[in-house]
Amino acid sequence: MMNSSGVAVLARGLTVVRGDRTVLRGLDFSVLSGRITGLLGPSGCGKSTLMRAVVGTQAKVGGILEILGRPAGAAELRSRIGYVTQAPSVYDDLTVRQNLDYFAAVLLPGRRNRDARREYVARAVEDVDLASHADSLAGRLSGGQRSRVSLAVALLGTPEVLVLDEPTVGLDPVLRRDLWDLFHRLAGERGTTILVSSHVMDEAERCHRLLLMREGEILAEDAPDDLRTRTRSETVEQAFLHLVDEADALQESHR
Ligand SMILES: Nc1ncnc2c1ncn2[C@@H]1O[C@H](COP(=O)(O)OP(=O)(O)OP(=O)(O)O)[C@@H](O)[C@H]1O
């Protein structure tokens, strides 16, 4: 659903402290409604921490962080945000359909919601292309199939915002392409806002907008084309390296 401002996630001066370290340092950014925003940056730069802050599971968050016009972590956001962590969260001793039935029952309890639950589950299975494995035990699936079950769980209930932490890690090129096609369908047909992290720069080209991160800071917030043009680079990877060099030079000149 389109937020009236067109902004689904708004951060101003966002900080997060983990242990004795400030891992996000005063971030300002926005994520546009109904678009796919890629969160890219090297391992350890703070992508997962940022996503956890957005879904409301991260402690010690400072500054302003609003999702769909509400403060991150607000109870009413729970059913409006879908979240897929890096580790698939599925029960291995249940089938794909039983996993989905279970989570659908948590989301929509009660006998009167039985038909709605059945519809949610059937659609989620179709969305992730697992209809032929619906009655297989999750523990017997491949890694890629298990992560698709996790994604299907997040899709139950048609969340307005979908937060995906490195969903394509370890997938073969065909599955990666299929998943990206699904993300585009969700954004295009259902108006879902997608925030998806990756440290694979070629995935950046498939996003409408990018947040490039490095060491707890946002280096750039732009569309891939604009980013390449602005930095006179051929690829997003080159643009990223260009921005890193620029930031280093600036830091050096301030020493
Ligand atoms: N409990 C903790 N205490 C202190 N620092 C932590 C803790 N957990 C994570 N960190 C640090 O926070 C920083 C950000 O971690 P985060 O997991 O958000 O990075 P990431 O960009 O998602 O990495 P990856 O791509 O490898 O998943 C890292 O430098 C990490 O070492």
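Values in this document were obtained by computation on a predicted structure and should not be read as measured data.

Caption draft 1: Structural detail: the packing of helix α6 (residues 224-231) against helix α7 (residues 236-253). Where α6 contacts α7, the two axes come as close as 9 Å, and the packing angle between them is 55°. Considering the angle they form, α6 stands oblique to α7. Considering how the two elements wind past one another, α6 and α7 form a crossing that is left-handed. Contacts between α6 and α7 involve P224, L227, R228, R230 and T231 from the former and V236, A239, H242 and L243 from the latter. Among the residues forming the contact of α6 with α7, the class breakdown is 5 nonpolar, 2 polar and 2 charged.

Caption draft 2: Inspection of the UniProt feature "domain: ABC transporter" (unreviewed entry) in the protein chain at higher detail. The positions UniProt marks with the feature "domain: ABC transporter" (unreviewed entry) are residues 9-240. Spanning residues 9-240, this segment combines 34% helix with 27% strand, and its end C-alpha atoms are found 23 Å apart.

Caption draft 3: Focus on the site of the ligand. Residues in close proximity to the ligand total 14 residues, the closest being S43, G44, K47, S48 and T49. Take K47: an N or O atom from its side chain is 2.8 Å from an oxygen atom of the ligand. In this structure, E166 approaches the ligand through a side-chain N or O atom, which is 3.1 Å from an oxygen atom. Isolated, the ligand exposes 640 Å² of accessible area, and the fraction of that covered by the protein chains is 66%. Its residues assigned to classes, the shell around the ligand shows 3 nonpolar, 7 polar and 4 charged.

Caption draft 4: Representation of the state of the cysteines. For the coordinates displayed, the defined rule picks out 0 disulfides. We note that C45 lacks a disulfide partner, and the nearest cysteine sulfur, in C207, lies 14 Å from it. Taking the relative accessible area as the measure of exposure, C207 reaches 6% and is therefore buried.

Caption draft 5: The arrangement of the packing of aromatic side chains in detail. The full count for this structure, using the stated rule, is 4 aromatic pairs. Note on Y91 and Y102: the rings are 5.6 Å apart at their centroids and 85° apart in plane angle, and the pair reads as edge-to-face. Remark: Y102 occurs in helix α2 (residues 96-107) and Y91 occurs in the loop between β6 (81-84) and α2; sequence separation between them is 11 residues. Judged by relative accessible area, Y102 falls into the partly exposed class, the value being 39%. Connected via pairs of aromatic rings, a cluster forms that spans Y91, Y102 and F103.

Caption draft 6: Region of the structure containing the sheet that holds strand β5 (residues 70-71). Pairing within the open sheet is antiparallel, and its 4 strands lie in the order β2-β1-β4-β5. Strand pairing shows two members of the sheet lacking a second neighbour, β2 (21-32) and β5, which therefore form its edges. Sheet topology note: the strand β1 (residues 7-18)/strand β4 (residues 61-67) ladder contains 6 bridges and is antiparallel. Residue pairing across strands places R12 opposite I64, the latter belonging to β4.

Criteria and cut-off values
Residues numbered from 1 in each chain as written. Predicted model: local features only at pLDDT ≥ 70, side-chain atom pairs only at ≥ 80, totals over all residues. Heavy atoms only, no water. Axes fitted to C-alpha atoms, helices over the stretch in contact; angles between N-to-C directions. Helix = DSSP H or I, 4+ residues; strand = E, 2+ residues; numbered from the N terminus. Parallel < 35°, antiparallel > 145°, perpendicular 65-115°, else oblique. Left-handed = near helix turned anticlockwise from the far one by under 90°. Contact = heavy atoms within 4.5 Å. Nonpolar A, V, L, I, M, F, W, Y, C, P; charged D, E, K, R; others polar. UniProt positions renumbered as here; feature names shortened; annotations may be inferred. Near = heavy atom within 4 Å. Polar contact = N/O pair within 3.5 Å; in protein donor to acceptor, adjacent residues only side chain to side chain. Areas by Shrake-Rupley, 256 points an atom, 1.4 Å probe, with all protein chains shown as cover. Disulfide = S-S within 2.5 Å. Buried < 20%, exposed > 50% of the residue type's maximum accessible area, 1.4 Å probe, protein only. Phe/Tyr/Trp six-rings, centres within 6.5 Å; stacked < 30°, edge-to-face > 60°. Pairing = 2+ DSSP bridges.

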